[in-house]
Structure formats: structure tokens, C-alpha cells
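Chain and residue survey
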Amino acid sequence: MSAGTASSSSTVEERYSETFGYSPEAVARAPGRVNLVGEHTDYNQGFVLPAAIDRYIWFAGGRRSDRLVRAHALDLDEHVEFSLDGGVDPVTEQRLWVLYLVGVAHLLEREAGPLTGIDLAFSGNVPREAGLSSSAAVEMGSVALWQRLLGLQCDPVAMARLGQRVENEFLGVPTGIMDQFVSGLGRQAHALLMDCRDLSYRYVPLPKDVNIVVANTGVKRALAKSEYAVRVRQCQEAVAEMRQAGLNATSLRDVTLEQFRSVESGLSELPRRRARHVITENDRVHAAVAALDAGDVELFGELMNDSHTSLRDDYQVSSPELDALTSIAQKQPGVLGARMTGAGFGGCTVNLVRLESTNGLVTALQEDYRQPSGRPAEVYVLNAADGAFAEGTHPAEGVT
Ligand code: GLA
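This structure is a prediction, so every number in the text was calculated from the model and none was measured.

**Let's talk about the pairing of strand S3 (residues 68-73)**
With six bridges connecting them, S3 and strand S4 (residues 78-83) associate as antiparallel partners. In the sheet register, His72 faces S4, and the bridge partner there is His79. In this structure, the hairpin formed by S3 and S4 is closed by a connection of four residues, where Asp77 is found at a positive phi of approximately 55°. Where S3 lies against strand S5 (residues 118-124), four bridges are found, and the strand directions are parallel. Bridge assignment links Ala71 to a residue of S5, and that residue is Leu120.

**Notes on the layout of surface pockets**
If you roll a probe as big as a water molecule over the atoms, it shows you where there is empty space left. Of the voids in this model, the largest pocket is the one considered here, and its volume is about 1,000 Å³. Of all the secondary-structure elements, those providing two or more residues to the lining of the largest pocket are helix H3 (96-112), S5, helix H4 (134-150), helix H5 (156-171), helix H6 (178-185) and helix H7 (224-244). Its residues assigned to classes, the lining of the largest pocket shows 22 nonpolar, 11 polar and 12 charged. In this structure, the second largest pocket encloses a volume near 310 Å³. In terms of lining, the second largest pocket is formed by 17 residues, of which the most central are Ala144, Gln147, Ala388, Phe389 and Ala390. Elements with a minimum of two residues in the lining of the second largest pocket: H4, H5, H6 and strand S12 (389-392). With five residues, the single largest contributor to the lining of the second largest pocket is H4.

**Brief notes about the site of the ligand**
Lining the immediate surroundings of the ligand are Arg33, Glu39, His40, Asp42, Tyr43, Thr175, Gly176, Met178, Asp179, Tyr228, Gly342 and Ala343. Separating an oxygen atom of the ligand from a side-chain N or O atom of Glu39 is a distance of 2.6 Å. In the model, an oxygen atom of the ligand is placed 2.5 Å from a nitrogen or oxygen of the Tyr228 side chain. Summarising the interface, the protein chains cover 94% of the accessible area of the ligand, which totals 300 Å² for the free molecule. The cavity where the ligand resides is the largest pocket. Here the shell around the ligand is built from residues that sort into four nonpolar, four polar and four charged.

**Remarks on the packing of aromatic side chains**
By the definition in use, this model includes eight aromatic pairs. Three or more aromatic residues joined by ring pairs form one cluster here, namely Tyr16, Phe20 and Tyr22. Seen from the ring of Tyr56, Arg29 lies directly overhead, with NZ or CZ sitting 4.6 Å from the centre. Here the guanidinium or amino end of Arg187 rests over the ring plane of Tyr203, the centre of that ring lying 3.9 Å away.

**Quick look at the confidence of the model for the chain**
Across the chain, the average pLDDT comes to 94, with 94% of residues at 70 or higher. A low-confidence stretch, residues 1-7 (pLDDT under 50), is modelled with 21 contacts involving residues beyond four sequence positions or located in other chains. Low confidence marks residues 394-400, where pLDDT is under 50. Its contacts with residues over four positions away, or in another chain, come to 14 contacts.

**Looking at the sheet that holds strand S11 (residues 378-382)**
Overall, antiparallel pairing links the four strands, which are arranged S9-S10-S8-S11 in an open sheet. Two strands lie at the open edges of the sheet, namely strand S9 (335-341) and S11, each paired on one side alone. For this sheet, the mean inter-axis angle between neighbouring strands, taken without regard to orientation, is 20°. Both S9 and strand S10 (residues 348-354) contribute to a ladder of six bridges, which runs antiparallel. Across the sheet, the residue bridging to Thr341 is Cys348, located in S10. Contacts from helix H10 (residues 297-315) reach strand S8 (210-216), S9 and S10 within the one sheet, and its direction differs from that of S9 by about 30°. Of the strands in this sheet, S8, S9, S10 and S11 are in contact with helix H12 (residues 358-368), which crosses S8 at around 10°.

The rules behind these values
- Residues numbered from 1 in each chain as written.
- Predicted model: local features only at pLDDT ≥ 70, side-chain atom pairs only at ≥ 80, totals over all residues.
- Heavy atoms only, no water.
- Pairing = 2+ DSSP bridges.
- Helix = DSSP H or I, 4+ residues; strand = E, 2+ residues; numbered from the N terminus.
- 1 Å grid on protein atoms, 1.4 Å probe; cavity = no way out; pocket = protein on both sides within 12 Å on 5 of 7 lines; lining within 4 Å.
- Points joined across faces, edges and corners; volume = space filled by probe spheres on them.
- Nonpolar A, V, L, I, M, F, W, Y, C, P; charged D, E, K, R; others polar.
- Near = heavy atom within 4 Å.
- Polar contact = N/O pair within 3.5 Å; in protein donor to acceptor, adjacent residues only side chain to side chain.
- Areas by Shrake-Rupley, 256 points an atom, 1.4 Å probe, with all protein chains shown as cover.
- Sits in = over half its atoms within 2 Å of the grid points.
- Phe/Tyr/Trp six-rings, centres within 6.5 Å; stacked < 30°, edge-to-face > 60°.
- Lys NZ or Arg CZ within 6 Å of the ring centre and 35° of its normal.
- pLDDT = per-residue confidence, 0-100.
- Contact = heavy atoms within 4.5 Å.
- Axes fitted to C-alpha atoms, helices over the stretch in contact; angles between N-to-C directions.

If you want it as C-alpha cells, here you go:
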């Protein structure tokens, strides 16, 4: 069995055996993601263009005959047990990783019918709290593990929604569906164009002559949770004000730039800025996909740069550190585009760079930026990867 790079998934399998005293029946993995363009558009029913990345959370698991879940977070060396019939103690509940697992189990049971308990262990190399969706990878990887172990047939889009609902209902953050969708359905060497209203999607091949480079500010996304909810609300306010001005819109997705310009002078300051970002960002996603289809990587890069400016000035979710990393990159030869990625307020930037200029960019980011801790920026050269995957035995294959 191997659900990842051989070493990483086999390490999880070995450590599972050490923890539980028997070998796992199935392994699963799910990737983190980077968003190339289309930021803060998903919860406005708009368009996004993320890619799953070759950084994963790996799981190993085995079935139990009772309703207990025993879970071991290998990287944190923390062990938690909870019953599918409820009852996680309040201290345990404060650990985010436990909430993800509890949320997945409860919602999956509602979706797929009664579950039996499992033992599971997991470990990963998606940087945590860095805006690369390690939480979506935990959600989608554990969904894949449950499905494999219990032989559940579930629609992948429904599973992505389930992951999103874990964030909304169990973590209390009103996030969109982008992260779980691409962690579940991403494809190697492709970005994923998604319509977040009807959840239709298509794979867009990424050019072979560029690299995706991600730079980590080393700043945890401290404000992300509270300010994220504020942005969601401001977008709703913008829609309400535009409706009052006579536009027929149920979300910012419905508003064209031309319509926006016809009413913007009557809008309050912050809703106006937030709306301008979302409306222009949706347009940038379409333009970016057209550029990729036409092989125009320069234009694609310019749209990434424009996206950053809009997120910084209109949506106001960037930070001095994200701006610093972005402008270091934008000055480097061979860099086509650079921007913050994910929710903002810390986390990472994403850069598109010509293959031959990659080393120069990595060196510049490491030399010219210092994390708050004084260390150089962490920089990752990443590939677009396949979404969640599981293998191993399940009852349909005759395991008793
Ligand atoms: C977070 C959320 C996503 C999306 C991005 C911003 O990653 O989980 O749903 O809203 O922020 O684009």
C-alpha cells in the first residue's frame, strides 16, 4: 500500500502499527492547495482557479467493531478518543484537529448512514496555519479514509460540501467551498476552474515552462477568522445596497463591472471597495483562464499582480509581510506574477516563474525577507497534484 510518496505514507503506516499494535487496513492522503487567482470570490458564488499541491496529509486506519474513534496526530504526538454517539470533552474540543475529525464523522454519518468506529493516525507536510489549506487536507483525507474503510460510495462534490460544512458548522467560520473542492478533486499538472454557484468545474492545463513557487511569511493568520467573517458580511451589505440602488442581484457574482460603475457612487465606502475587488477578481479569473488557454503566461502573471493590488487596496486582507514578499518577487527576472494566496493576514504568497529563473527567485526571497523570528522565508517549489486518494481493503473486498 502506498498512498503518497513511499516514504511518507509508509511512515504513517509504521507509526500506526506502533500506536495501535496492528497493521492498518487502508491508507489515504489529501493535498493542500494554492490558489492562483480568484480570492475571496467563492463565498460570493464566483469563480476560483486553485491547484492542489504535492504537499499532503497522510492517514492510516483500521475498522473497529464499536462506535469509538481513536485518533493519533503523529506530528503533534496527541491522542484523542471520541464516540460517534457524541461526547468529546471540552478540553479536547479546543484542539482544532479533533474538531475536524469529529465534524467529518458526524456529517458523514448524516450523509451516508450509520458508521462503525475506526482507529486512525495521520501526519503531513502541508505547512500549518500558512494559508495552504492543511485543514481542508485533514477533512478530505479523513473523508477518503472513512469511505475506503467502510466501503462507502459518496459523490466527490458532496464530500467537498461536507468538508466545507465542517468549517461552517463545527469551526464557526463562514468559508466558501474552494479549499475542500480542490483538495478532493484536484488534478496533477492542472489548475481547477470552479464556478462556486453551481459547482461545475473544468481542469485547465498548467504551462510546462513555469514553476509555482510559494513563499511563507512565517506569520500565522491571526486575524483571519474574525476578519474573514467581517468580509463576508461586507459583501452581503454591498449586495443589499446595490439592490436598493435598483440592481437585480442575489450575490456579487451577479453584478458586472459596468453595473457596479453605474451605482458605485451611492455605495458606502467599505462595501464599495469589497464589491469592486470581488467583481474585478471574477473577471480576472476568466481572463486568466483565457490567457492560459492561449498560452499567454505573461498576461496570466499580470493578472496575478493585479489581483494582489486589489486584495491589498480594496479588500484589505494583505499584510506588510505579504506585500514585502510580493514586491521582492515582482522585481526578479523571469517572475511572471506574484500575489498573496488564501484568506490573507499572513500565510503565503504564490509566484509564477520561468523554470530557468526559479533558483534566482528562491534565493532572492530567502535573502531579502526575514520572518518575525529572524529566519529567512520558507520557500517551496510545488507541483500541481491529484486530489484526495485512498487505497486498501474494505468489506467489499472480503475483510472480516
Ligand atoms: C479561505 C477559505 C476559502 C476562500 C479563501 C479566500 O481559504 O477557506 O473558502 O474563501 O480563504 O479566497
